[in-house]
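# Structural characterization, general
What follows is each chain in one-letter form.
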Amino acid sequence: MAFKERTLRLCFYFIYPVAATKGLPNCVSKVELSISCNNLLDKDVGSKSDPLCVLLQSIGDDKWTEVERTERVKNCQDPEFSTKLHIDYHFEKVQKLKFGVYDIDNKSVNLSDDDFLGGFECTLGQIVSSRKITRPLQLKAGKPAGKGTITVTADETKDNRAIVMEVEAKNLDKKDMFGKSDPFLEFFKQEEDGKWQLVHRTEVIKNNLNPSWKKFTVSLHTFCSGDLNKPIKVSKGFYAHSDCICQSISKKQKKKKSYKNSGVIRIKDCKCCSISYSCRIYSFLDYVMGGCQINFTVGIDFTGSNGDPRSPDSLHYLSPNGVNQYLSAIWSVGQVVQDYDTDKLFPAFGFGAQVPPDFKVSHEFPLNFNPSSPYCQGVQGIVDAYRMVLPQIRLYGPTNFSPIINHVARIAAGAAQQPNAAQYFVLLIITDGEITDLDQTRQSIVNGSKLPMSIIIVGVGEADFKAMEFLDGDNGVLKSLTGEPAARDIVQFVPFKQFDKAPKEALAQSVLAEVPNQLVSYFKMRNMAPVNPPSPTK
């Protein structure tokens, strides 16, 4: 279907490398859960149970709300329910679920008067990361429901359409002092709260005032949430219909009558089409359900600017309840990411401290002091290692990020040699913000943008985080000192103080929201399919 057959409200905004605005992505996918059970308890006299399965989701404070329920299957101890359960999936949240199986012997929708055949609790992340899980049913904690088991299989429900677009520009303004501009385009869709979310960024074309960008394809779900009438922003203060071939864009105030515009953008090709299986666009859940492991690594700032850990004024001071901002960040992010790593073994490093036995400064030391095996068992293992190492080291300096980024990049480079999308790496750096190797870190990030990795930076304390915001790339594509642009955006920075009084899950939602698109952008750039691609659909 060509776009000239429909009206699509577009807003064209030409963005130079010094003026990019990045909205907070809201990665929502629809997941369909198929339920079956085996060896259910028999509660009926003279016949078998009539089971039904209900899905509940936690809303906090040990409260649950019903999402959906299956049909009732009569006289069956091994039901396979035909009614699918549907739920919104958010990668950046820990979504706690509870499945309850009941023997239904009346027409009431209230389950309190029905026999409970067993239940099972997990997170949605655990389900989608395995795609299919089978677990024993329990009547209560520690009490199994006989030999009863429940099997949950997840599938993503998605729109199988995509936007295909090719764009060029003519006679753009010259913005660079010593050369022509390095232009690129960014496309944003409008969320329900009115904010604009980045959905696609073209490649950078260097030193060109008449650029023609490569044709690109973006799934309709990503581009406009499947709604062809949703406004798309590509320029400020200008709306056009999609059947317009050429439109002018203005970025200047008309200070003199001779001014016309700052360039012309032409949509060379724009259409909506169904994605054939041979050229399909894989989603984040396609990769995760297809076997991609997300490896989590932590880097902790132990430089002197944090203050003496024994002083209540120190950012490393452990409060009477045993926490601080560093531990809060580790818990918040780690609890989400751990669902996507089967072995739950997480490397954890420190930097900027004098380390025993000779107390030389190290910018990449394992928290467990075991260089050959720097792994901690689960998020709790990272927390325990942090508490153990804190009194044994001396906070010093300087604050160098590049060594630990390069460490993860070396491992990611090995994974990049695999023929399919088997591994992705997320590095969490927690720092007080006083970075000293900015140029080296820029180069490390640019190098890392070509590898299967993302970098999350959480700033603790009250320091000036301008350097962190620069690395985040909010002001355009990050470039190395030599001018090499990042192949894709892989850094997300947030200051912890913004979430000091927010719900505990808010930090993770903010820093992890971009990871799904970053993961997909890498494997798409490499044209890599999931380890176990989904079956073709009609």
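Scroll up to find the structure.
These lines cover the structure that appears in this document, whether it is placed above or below. (Residues numbered from 1 in each chain as written. Predicted model: local features only at pLDDT ≥ 70, side-chain atom pairs only at ≥ 80, totals over all residues. Heavy atoms only, no water.)

### What to know about the pairing of strand S9 (residues 143–157)
Where strand S8 (residues 132–140) lies against S9, 7 bridges are found, and the strand directions are antiparallel. Bridging across to S9, Pro 136 finds its partner in Thr 149. Between S8 and S9, which pair antiparallel one after the other, the connecting turn spans 2 residues, and Gly 142 there sits at a positive phi close to 85 degrees. (Pairing = 2+ DSSP bridges. Helix = DSSP H or I, 4+ residues; strand = E, 2+ residues; numbered from the N terminus.)

### Considerations on the sheet that holds strand S23 (residues 394–395)
If you walk across this open sheet you meet the 3 strands as S20-S19-S23, and the pairing is antiparallel. Each having just a single partner strand, strand S20 (360–362) and S23 make up the two edges of the open sheet. Pairing of strand S19 (residues 353–355) with S23, which is carried by 2 bridges, proceeds in the antiparallel orientation. Pairing of Ala 353 across the sheet is with Leu 395, part of S23.

### Thoughts on the pairing of strand S10 (residues 161–170)
Counting buried residues along S10, 7 of its 10 residues qualify, which places the element largely inside the surrounding structure. Here S10 runs beside strand S16 (residues 264–274); their pairing, made up of 10 bridges, is antiparallel. For Val 167, the partnering residue across the bridge sits in S16 and is Ile 267. Bridge count for S10 against strand S13 (residues 216–219) is 4 bridges, and the pairing is antiparallel. Counterpart to Val 164 in the pairing with S13 is Thr 217. (Buried < 20%, exposed > 50% of the residue type's maximum accessible area, 1.4 Å probe, protein only.)

### Observations concerning helix H6 (residues 402–415)
In this model, H6 (14 residues) spans 20 Å end to end at C-alpha, consistent with the 20 Å of a helix rising 1.5 Å per residue. Taken together, the buried positions of H6 are occupied by Ser 402, Ile 404, Ile 405, His 407, Val 408, Ala 409, Ala 412 and Ala 415. (Expected span 1.5 Å × (residues − 1).)

### Notes on the side chain of Ser 283
Residue position: Ser 283 is located in the loop between S16 and helix H3 (284–289). At 2.4 Å, the side chain of Ser 283 and the side chain of Glu 156 are in polar contact. Those residues in contact with Ser 283 that sit more than four places away from it in its chain are Glu 156, Lys 158 and Val 520. (Polar contact = N/O pair within 3.5 Å; in protein donor to acceptor, adjacent residues only side chain to side chain. Contact = heavy atoms within 4.5 Å.)

### A short note on the nonpolar core
Judged by nonpolar contacts, the single largest core of 116 residues is most densely connected at Leu 33, Phe 99, Val 128, Phe 302 and Leu 512. Counting residues in each nonpolar core, the second largest holds 27 residues, with Leu 185, Val 234, Cys 272 and Val 446 among its members. (Core = buried A, V, L, I, M, F, W, Y, C linked by side-chain atoms within 4.5 Å.)

### As for the packing of H6 against helix H7 (residues 438–448)
One way to put it is that H6 packs onto H7 with a least axis distance of 9 Å and a crossing angle of 15 degrees. As judged from the angle between their axes, H6 and H7 are roughly parallel. The way H6 lies across H7 gives a crossing that is left-handed. Along the contact surface, H6 presents Ser 402, Ile 405 and Asn 406, while H7 presents Gln 440, Thr 441, Ser 444 and Ile 445. Along the lines of polarity and charge, the residues of the contact of H6 with H7 split into 2 nonpolar, 5 polar and no charged. (Axes fitted to C-alpha atoms, helices over the stretch in contact; angles between N-to-C directions. Parallel < 35°, antiparallel > 145°, perpendicular 65-115°, else oblique. Left-handed = near helix turned anticlockwise from the far one by under 90°. Nonpolar A, V, L, I, M, F, W, Y, C, P; charged D, E, K, R; others polar.)

### A look at helix H10 (residues 515–525)
Helical geometry: 3.6 residues make up each α-helical turn, so side chains three or four residues apart lie on a common side. Taken together, the buried positions of H10 are occupied by Val 515, Pro 516, Gln 518, Leu 519, Val 520, Tyr 522 and Phe 523. Lining the buried residues of H10 we find H3, strand S17 (293–301), strand S24 (423–431), strand S25 (453–459), strand S26 (491–495) and helix H9 (506–512). Note on H10: the residue one or two positions beyond its end, Asn 527, has a positive phi of about 55 degrees.

### What to know about the state of the cysteines
Tallied over the entire structure, the rule returns 0 disulfides. Left without a disulfide partner, Cys 37 is nearest to the cysteine sulfur of Cys 53, which lies 5.8 Å away. (Disulfide = S-S within 2.5 Å.)

### A word on the environment of Val 336
By the element assignment, Val 336 lies in helix H4 (residues 325–337). Judged by its relative accessible area of 3%, Val 336 is buried. The contacts of Val 336, once residues within four sequence positions are left out, are Phe 91, Glu 92, Lys 93, Val 94, Ala 508 and Leu 512.

### Let's talk about the pattern of salt bridges
Applying the stated criterion to the full structure yields 13 salt bridges. Residues Lys 268 and Glu 168 are paired through a salt bridge, measuring 4.0 Å at the closest nitrogen-oxygen approach. Of this pair, Lys 268 sits in strand S16 while Glu 168 sits in strand S10, and the two are 100 residues apart along the sequence. Residues Glu 462 and Lys 497 are paired through a salt bridge, measuring 3.6 Å at the closest nitrogen-oxygen approach. Of this pair, Glu 462 sits in the loop between S25 and helix H8 (466–472) while Lys 497 sits in the loop between S26 and H9, placing them 35 residues apart in sequence. Residue Lys 497 is classed as partly exposed on the basis of its relative accessible area of 40%. Connected through shared salt-bridge partners, Glu 166, Glu 168, Arg 266 and Lys 268 make up one network. (Salt bridge = Lys/Arg side-chain N within 4 Å of Asp/Glu carboxyl O.)

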